[in-house]
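Descriptive analysis of the structure
In case you want the letters, here they are:
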Amino acid sequence: MAKLPTADLAILVFYLAITVGLGLVFALRRIGSDTFMSGGRSLPGWAVGLSIFGSYVSSISFLANPGKAFASDWNALVFSLATPVAAVIAIRWFVPYYRRSGAVSAYEHLEARFGPGARTYAVACFLLTQTARTGTVVYLLALAVAPLTGWSVSTIILLTGSLMIVTAIFGGIESAVWIGVGQSVVLVLGPIVCVVALLWQVPGGASEVVRLGAVEGKFSLGSLSSDPSRSTFWVVLLYGLAINLGNFGIDQSYVQRYLATRSLNEARRSLWLTAALYVPASAVFFFVGTALFVLHRLRPEIFPPTLDPAREPDAVFPAFIAHRLPSGMSGLVLASIFAASLDSSLAGMATLTLCDLYRRYLRPEAGERESIAVLRISTLVWGLVAMGAALAMIRIKNVLDLWWDLAGILSGGMLGLFLLGLLCPRANRRSAAIAVPSGLAVILWMTLSTKASWPVALGAFRSPFHPLLVAVVGTLTILVVGWGVSPSRRHDG
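In this text the structure is predicted, and so the values were computed from the model without any measurement. (Residues numbered from 1 in each chain as written. Predicted model: local features only at pLDDT ≥ 70, side-chain atom pairs only at ≥ 80, totals over all residues. Heavy atoms only, no water.)

Across its full length, the protein holds 21 helices and zero strands. Against the compact-globule benchmark of 23 Å for 493 residues, the protein has a radius of gyration of 23 Å, which places it among compact chains. Taking the principal axes of its C-alpha atoms as reference, the protein extends roughly 70 × 60 × 45 Å. Of the accessible surface of the protein, which amounts to about 20,100 Å², a share of 67% is contributed by carbon and sulfur atoms. Charged side chains of the protein number 36 positive and 23 negative; the gap between the two group centres comes to 5 Å. (Helix = DSSP H or I, 4+ residues; strand = E, 2+ residues; numbered from the N terminus. Rg over C-alpha atoms; globule rule 2.2 N^0.38 Å. Areas by Shrake-Rupley, 256 points an atom, 1.4 Å probe, with all protein chains shown as cover. Lys, Arg positive; Asp, Glu negative; His and termini not counted. Charge placed at Lys NZ, Arg CZ, Asp CG, Glu CD.)

Quick look at the structure:
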């Protein structure tokens, strides 16, 4: 196990102390349930935009994207290139809609549109997917940081989960936004430090990275083929549009932040800022991976002899951080990795628990004191559940894949349901009741038919689509079926 140098440990501890301190500042304030959920609707757009950007750059992006660029090329960057397009759509239609409705829950309007079942379905899907995402983010952080610090994976999971809970339980969405601003600054500094350190150590610097990277095809964005079974430029672009639109348009964590801004224009500015920052930030992560490839090709002796990049490309970046960054820089980069992981959806999960479950089914007349208690208790509970999920992943590795498959199947209908309500005025409860199960059946088939466990006798019925197209095809199925079964004239029921 590596021992973290004193200077690096001091930087990391200082960053974590500042983060906890900001969370505790909100503990000294008396806030109501509305402030907890919407920040008093008074936050500046730039702060909200930075916090959304911080949410987008999770430990999955921070650690996985350099690994992808090291092992292959920049094909996965196309996902990020779809972000501005999704942002334009969300700014034009989704953000104004949520600001007009004023409902702090992104899913409340689904009940009026398609009945209580649609609302509860969306809430359950969000809670499931966010639990899976949070657990995954914390688990991946622990895997990367453990060999750098000498701390155990479980210790890092418990530490990170506790920090998430402390920073969210008192201030709600306002705390998440302002802490997210600080996290975004650290997130930007860490990768810049890595790029400078890499270029300093690569013989020939940036020009050699570009030259050798181009020779090896490392900057390719993917084939322009129309083959839907391969991870082409178009397949990743469609996947990026679906996922990013789902994030910007229907994700409670982001919708809540739109409502926390001072005005519609401020909400729109927050999304513009997110899109403007995320694309170049993603490119930096991929450039780090390509630079690592070039450095390993030219100077393999500087990497640990136990490292096998062909089998573990995701381990190359942490190895570089541990062994090739000067004292002090490693601490800043570790702080960046923590910053990419501490942002959570706990405030959004607590909000839905209160608005869509507790008040909807248990206590519609819940008062202010009761409401704030439910918000804080549910923040704690969901934080503990996410920590438990991360801890479970230590011993049961296939839990991660199973959980993501389940979350993908159940949540795959959310975007289609929202778009059906937005684009098809004639759609009613019956339309949704037929369209969503149809879409989920397609998603289930596309997910399971690509598995090794798919029966050989049914080999002819395997999905011809790349797994990245699951969300795309599922969403389109819901739209087409819902449109087709809707009455010729709009009516309720």
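Don't stop here, the text continues.
Attention shifts here to the nonpolar core. Counting residues in hydrophobic clusters, the biggest one holds 150 residues, and the most contacted among them are Phe62, Tyr98, Tyr107, Phe248, Tyr258, Leu292 and Ile337. Tallying contributions element by element places helix α8 (residues 116-149) first for this core, with 15 residues. Discounting chain neighbours no more than four positions away, the residues touching Tyr107 are Arg119, Ala122, Val123, Phe126, Ile250, Asp251, Gln252, Leu352, Asp356, Met414 and Phe418. (Core = buried A, V, L, I, M, F, W, Y, C linked by side-chain atoms within 4.5 Å. Buried < 20%, exposed > 50% of the residue type's maximum accessible area, 1.4 Å probe, protein only. Contact = heavy atoms within 4.5 Å.)

We now examine the packing of aromatic side chains. Counted according to the given criterion, the structure contains 13 aromatic pairs. Seen in terms of ring centroids, Tyr56 and Phe248 are 5.2 Å apart; in terms of plane orientation they differ by 15°. Their pairing is stacked. Taken together, the positions of Tyr56 in helix α3 (residues 45-56) and Phe248 in helix α12 (residues 233-250) put the pair 192 residues apart, joining distant regions of the chain. In this structure, Tyr56 and Phe248 share a single accessibility class: buried. By the ring-pair criterion, three or more aromatic residues cluster together here, those being Tyr56, Phe248, Tyr254 and Tyr278. (Phe/Tyr/Trp six-rings, centres within 6.5 Å; stacked < 30°, edge-to-face > 60°.)

Our focus in this paragraph is helix α21 (residues 470-485). Its 16 residues give α21 an end-to-end C-alpha distance of 22 Å, which sits within 8% of 22 Å, the value for a rise of 1.5 Å per residue. Burial in α21 covers these residues: Val470, Val472, Val473, Gly474, Thr475, Thr477, Ile478, Leu479 and Gly482. (Expected span 1.5 Å × (residues − 1).)

With that settled, the discussion passes to the confidence of the model for the protein. Per-residue confidence for the protein gives a mean pLDDT of 88; residues scoring 70 or more make up 95%. Predicted confidence in the protein is weakest over helix α19 (residues 398-423), with a mean pLDDT of 74, and strongest over helix α11 (residues 205-215), with 96. (pLDDT = per-residue confidence, 0-100.)

Now for empty space enclosed by the protein. A full pass over the atoms with the stated rule returns three cavities of 30 Å³ or more. By volume, the largest cavity amounts to about 100 Å³. Listing elements by their share of the lining of the largest cavity, those giving two or more residues are α9 (153-169), α10 (172-201) and α17 (346-362). For the lining of the largest cavity, the element with the most residues is α10, which contributes four residues. Taken together, the residues of the lining of the largest cavity sort by class into seven nonpolar, four polar and one charged. (1 Å grid on protein atoms, 1.4 Å probe; cavity = no way out; pocket = protein on both sides within 12 Å on 5 of 7 lines; lining within 4 Å. Points joined across faces, edges and corners; volume = space filled by probe spheres on them. Nonpolar A, V, L, I, M, F, W, Y, C, P; charged D, E, K, R; others polar.)

A few words on unusual backbone geometry. The backbone of Arg41 shows a phi angle near 50°, a positive value even though the residue is not glycine. The partly exposed category is assigned to Arg41, whose relative accessible area is 31%.

All right, on to a nonpolar patch on the surface then. A cluster of nonpolar residues, Trp93, Leu422, Leu423 and Trp483, forms a patch on the protein surface that exposes about 400 Å² of accessible area. Positionally, Leu422 belongs in helix α19. Residue classification places Leu422 among the partly exposed residues on the basis of a relative accessible area of 35%. (Patch = residues over 30% accessible without salt bridge, like charges linked within 9 Å, V, L, I, M, F, W, Y side chains within 5 Å. Salt bridge = Lys/Arg side-chain N within 4 Å of Asp/Glu carboxyl O.)

Once that is clear, we can look at the pattern of salt bridges. Scanning all chains against the criterion turns up eight salt bridges. Among the ionic pairs, Glu111 bridges to Arg360, the shortest N-O distance being 2.8 Å. Of the two residues, Glu111 sits in helix α7 (residues 108-114) while Arg360 sits in helix α17, which places them 249 residues apart along the sequence. Ionic pairing is found between Arg269 and Glu266, a salt bridge with its closest N-O pair at 2.5 Å.

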